[in-house]
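What the coordinates show
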Amino acid sequence: MSPAHPCRTRWIPLLLALVASGCVEVALEGPQSFESVQQLAESTLSQIEGDLTVPGLQAQVEVIRDQWGIPHIYAQNTEDLFFAQGYVMAQDRLWQMEMWRRWHEGKLAEVFGAEAFDYDLRTRLMMFRGPWDESEFTSYHPEGEGIFTAYANGVNAFIEQNANNLPVEFQLTGVRPDPWTAQTVLLRWAQIALSSVRGHAINEIQLAMNVARLGLEEANQRAAPDPWDDLVIPEGLDLSVFTDEVLEAARRGDGDPFAGGLPALEIVEPYRDLVPELRTAQVQSGWDPADAGSNNWVMSGERSPTGVPILANDPHRRIEMPALRYFVHLNAPDWNVFGGGEPPFVGTDAGNNERMAWGFTFAGTDMVDLYVEELHPSEPNRVRWEDDWEELTVITEEIQVKGEPTPRTVELKFSRHGPIFYEDLERRVAFAVRSVVQEPGTAAYKGSFRLAQAESCADFHERAMAWMVPTHNLICGDADGNIAFQITGLTPDRDGWNGRLPVPGDGRYEWTGFRSDLPREMNPERGYIVTANDNSHPPDFEGRPVFYHSSRGVETARITRLHQLLGQGGPLSLEDHKEIQHDNYILQAGHDIPLFRGWTSADPEIEHARDMVANWDGVLEKESAAAAVYSRWDEAVEDEAREPDVAPAERQALMEAGLGAALGQLEREQGTEPSQWRYGRINESELPHMFVRSFDLPPVERGGAGGAVNANGANFRRIIDLSEIDNSVWTNAPGQSTQPGSPFYGNTREQLGNGEYLPILFSREAVEGGATYTLMLRPEE
């Protein structure tokens with residue numbers, strides 16, 4: 001990667017002053033000629049050192065970037081703090097923010113063309129449409145509207161100041177960002193309204209179809225709800241209306257468009273020669289099942305060497321370039337919070353202040369219900385409600401599609417329950433989705449603003465209930481020695497039904513409000529709290545379940561392993577927590593290794609491989625050849641080999657066949673010399689740029705796997721020592737900046753695979769000691 005260019009940041013203010021005075025003339029005859037796309041990228045880097053006048057500020061703001069690129073923002077008031085955060089985020093992540101915005105506004109087709117239309121249509125149908133009033137803004141924070149407006153203004157200030165020199169992706173594609181508003185910052189995760197997330201509409205359709213096909217009992221056995229529930233068909237529900245066409249309509253536009261679902265972006269003249277080879281667009285915000293799983297835990301003071309809790313959190317997502325999340329330190333009167341989050345990057349989704357810290361994993365409360373609306377026999381756009389009929393709301397919008405001369409006109413329909421995604425005119429039914437994202441206060445992660453100003457876990461449960469989306473297992477630790485847990489998420493209160501199956505929309509199955517009795521804990525006797533996307537109802541919880549996970553095909557190894565490691569008693573140091581976050585032991589391997597013992601193979605190559613695994617410790621270290629053999633064997637072997645009642649001779653034949661297939665694959669992948677094989681070569685995290693191959697970073701070999709505590713999606717890690725925040729550590733790869741040529745574009749890439757952590761600089765003394773670039777943002781005089 002190209003070296004840093006600190007000198008550039010020093011002469012920019014002088015040059016601007018000379019241009020303004022007329023002492024220097026600048027020719028504006030057209031785009032500058034560049035020899036490489038890397039050179040173009042470097043020409044678009046923004047100023048991160050020196051003084052910079054920014055209209056819109058009330059007072060001076062200091063932005064200190066440490067050696068890893070984390071900005072520590074010191075402001076004199078709340079508005080300037082979040083204005084500066086918006087400005088800084090636009091400096092480092094504007095292209096990522098633009099793609100996030102287009103996805104959540106339903107405007108991808110403007111730049112990607114017709115292949116993005118279904119995503120846009122889904123978003124337009126499911127998006128939050130107001131009211132944009134106090135019920136929305138103050139649900140996040142008493143000063144919510146001012147905070148989000150200031151953040152948007154900071155983003156806009158950067159865009160306006162750099163309109164002719166936006167980051168390289170904008171130059172290459174000709175895309176121009178629209179101005180941000182407070183509403184932009186609060187765009188919803190509209191896709192969860194009709195998604196394949198467990199408990200949501202697609203799952204309800206699939207379960208209904210299974211009940212019709214298999215019968216009630218068998219369908220429920222296969223669903224294996226956890227906690228167990230005796231499935232009941234809602235009165236008045238006709239299972240015959242759930243057809244393949246309904247399921248197809250529900251899936252249309254579902255998922256992450258940036259997981260390979262979009263075409264390559266077009267490069268504009270005069271840059272086409274600089275980027276001769278493009279790829280299918282991929283960038284951010286996805287949830288790949290192979291990367292699934294998050295971990296968090298907090299140890300009481302009695303389990304800490306200092307007598308004060310230590311909190312650890314590593315929420316998992318797909319490893320990508322740029323990293324989904326970003327770290328920041330925000331400091332102003334009443335604010336001193338360090339942490340990170342994902343687009344649109346306002347505040348800190350997971351963080352800590354001087355006295356408390358919080359973290360999260362996905363919980364899974366059921367936030368969505370599917371309603372079957374009965375259509376009027378002859379009058380369009382009317383549906384049954386109780387003993388009468390009522391009108392649907394119909395909205396007409398236009399979706400601009402790149403390459404098409406005129407926008408596409410779409411008609412969006414809504415019942416009292418929510419958006420209608422499919423109408424079966426033959427059966428006279430329509431399918432509507434009611435989702436909490438259509439309620440005020442449900443912009444993702446914004447409940448973190450109330451947690452950021454907490455002084456302890458004493459009022460954690462109350463503050464955490466403002467965390468409405470996503471549904472999470474939140475944990476807390478504080479400097480007073482308290483630890484706490486709260487399941488969060490705006491969860492419908494269903495009177496007499498549980499939401500596992502669709503329901504008629506005629507008034508018999510309505511939400512009666514939202515639940516306030518979500519499971520929680522405070523200072524449990526066991527001395528620690530841990531969650532890993534498991535059934536996190538506490539053992540003594542006596543209320544109605546708030547979610548139904550499945551005990552079939554669901555990975556529970558991480559929570560089992562974490563209880564093994566955390567439940568042994570005795571204090572655990574910061575170093576211990578690092579090792580636990582990087583624990584690569586596979587419980588399944590512990591069950592499988594004995595299968596490799598007690599027999600020998602006549603084939604010397606298979607026998608050598610058998611012996612390797614038989615004497616292996618079950619740890620997926622990236623350097624391990626035995627781990628590579630086991631991993632490929634696990635993929636190839638017949639399930640019957642693991643059955644307890646299989647005859648020894650038959651089991652050996654199955655084991656040898658699996659090993660033979662594993663050896664063949666490893667020889668094709670890594671050569672014929674087993675001593676050169678290593679697991680990391682088959683467990684790489686790739687780091688491709690969204691569409692420019694020249695900006696790719698090399699892949700990283702890693703240990704661990706989906707069933708390990710160190711899962712494939714683990715990247716954004718925090719371990720917070722509440723006895724001294726400056727002792728705390730973090731990881732997040734490959735870098736803070738999305739801008740190729742920045743010193744912070746790929747500078748933390750190695751942390752993805754080497755198990756090393758970086759220090760959190762929190763006190764002013766620590767920040768100044770680690771300062772690398774200081775930018776003074778000044779208001780206009």
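Residues numbered from 1 in each chain as written. Predicted model: local features only at pLDDT ≥ 70, side-chain atom pairs only at ≥ 80, totals over all residues. Heavy atoms only, no water.

**Focus on the sheet that holds strand 26 (residues 528-531)**
Strands in a sheet are paired, the pairing made by backbone hydrogen bonds, and the direction either parallel or antiparallel. On the basis of which strands lie adjacent, the open sheet formed by 6 strands has the order 26-7-8-30-31-32 and antiparallel pairing. Of all strands in the sheet, those bounded by a partner on one side alone are strand 26 and strand 32 (758-759). Pairing of strand 8 (residues 310-314) with strand 30 (residues 717-721), which is carried by 4 bridges, proceeds in the antiparallel orientation. Bridge pairing in strand 30 links asparagine 313 to arginine 718. On top of the sheet, helix 15 (residues 557-566) reaches strand 7 (295-299) and strand 26; it is set at about 160° to strand 26, its chief contact. Of the strands in this sheet, strand 7, strand 8, strand 30 and strand 31 (729-731) are in contact with helix 16 (residues 574-581), which crosses strand 30 at around 160°. (Pairing = 2+ DSSP bridges. Helix = DSSP H or I, 4+ residues; strand = E, 2+ residues; numbered from the N terminus. Contact = heavy atoms within 4.5 Å. Axes fitted to C-alpha atoms, helices over the stretch in contact; angles between N-to-C directions.)

**Here we look at the state of the cysteines**
According to the stated counting rule, one finds 1 disulfide in the structure shown. Between the sulfur of cysteine 457 and that of cysteine 476 lies a disulfide, 2.1 Å long from S to S. Between cysteine 457 and cysteine 476 the sulfur-sulfur dihedral comes to about -100°; the bridge is accordingly left-handed. Here cysteine 476 lies in strand 20 (residues 472-478) and cysteine 457 lies in the loop between helix 13 (448-452) and helix 14 (460-464), a separation of 19 residues in the sequence. Of the two residues examined, cysteine 457 and cysteine 476, each falls in the buried class. (Disulfide = S-S within 2.5 Å. Buried < 20%, exposed > 50% of the residue type's maximum accessible area, 1.4 Å probe, protein only.)

**Thoughts on the packing of aromatic side chains**
Within the structure shown, the criterion is met by 31 aromatic pairs. On the numbers, 5.2 Å between centres and 85° between planes, the contact of phenylalanine 82 with tryptophan 335 is edge-to-face. Within this pair, whereas phenylalanine 82 is found in helix 3 (residues 78-105), its partner tryptophan 335 is found in strand 10 (residues 335-341), the two being separated by 253 residues in sequence. You'll find phenylalanine 82 and tryptophan 335 in the same group, each marked buried. Judged by centre distance (6.3 Å) and plane angle (70°), the ring pair of phenylalanine 112 and phenylalanine 258 falls under edge-to-face. Placement of phenylalanine 112 in helix 4 (residues 109-112) and of phenylalanine 258 in the loop between helix 12 (244-251) and strand 5 (259-262) is noted, with a sequence separation of 146 residues between them. What links up through ring pairs into an aromatic cluster is the set Trp68, Phe327, Phe338, Phe716 and Trp730. Above the ring of tryptophan 389, the side-chain terminus of arginine 384 is found at 4.3 Å from the ring centroid. (Phe/Tyr/Trp six-rings, centres within 6.5 Å; stacked < 30°, edge-to-face > 60°. Lys NZ or Arg CZ within 6 Å of the ring centre and 35° of its normal.)

**Overview of the pairing of strand 19 (residues 429-435)**
Across the 7 residues that make up strand 19, a large majority, 7, are buried. Side-chain alternation along strand 19 places Val429, Phe431, Val433 and Ser435 on one buried face and Ala430, Ala432 and Arg434 on a second face that is also buried. Hairpin connection from strand 18 (residues 420-424) to strand 19: 4 residues lie between these consecutive antiparallel strands, with arginine 428 at a positive phi of about 60°.

**Describing the environment of glutamine 191**
Position of glutamine 191 relative to the elements: it lies in the loop between helix 9 (182-185) and helix 10 (201-214). For glutamine 191, a relative accessible area of 19% puts it in the buried group. As a C-alpha pair, glutamine 191 and asparagine 732 span 541 residues in sequence and 26 Å in three-dimensional space. Once you skip the residues sitting within four places of it in the chain, glutamine 191 turns out to touch Trp103, His104 and Arg122.

**Things to note about empty space enclosed by the protein**
Applying the stated rule across the entire model yields 7 cavities of 30 Å³ or more. Around the second largest cavity sit Pro315, Arg317, Arg318, Ile319, Glu320, Ala323, Leu324, Arg325, Gly713, Asn715, Phe716 and Asn732, which together line it. Of the residues belonging to the lining of the second largest cavity, the class tally is 5 nonpolar, 3 polar and 4 charged. (1 Å grid on protein atoms, 1.4 Å probe; cavity = no way out; pocket = protein on both sides within 12 Å on 5 of 7 lines; lining within 4 Å. Points joined across faces, edges and corners; volume = space filled by probe spheres on them. Nonpolar A, V, L, I, M, F, W, Y, C, P; charged D, E, K, R; others polar.)

**Quick notes on unusual backbone geometry**
A negative phi holds for most residues other than glycine; trans holds for most peptide bonds. Here the bond from methionine 321 into proline 322 is cis, since omega is 5°, no more than 30 degrees from zero. Relative to the helices and strands, proline 322 resides in the loop between strand 8 and strand 9 (326-332). Residue proline 344 is bonded to the preceding proline 343 through a cis peptide linkage, with omega at 10°. Checked against the element boundaries, proline 344 lands in the loop between strand 10 and strand 11 (350-352). A positive phi angle, near 50°, is found at alanine 224, a position not held by glycine. Exposure remark for alanine 224: the relative accessible area of 7% places this residue in the buried category.

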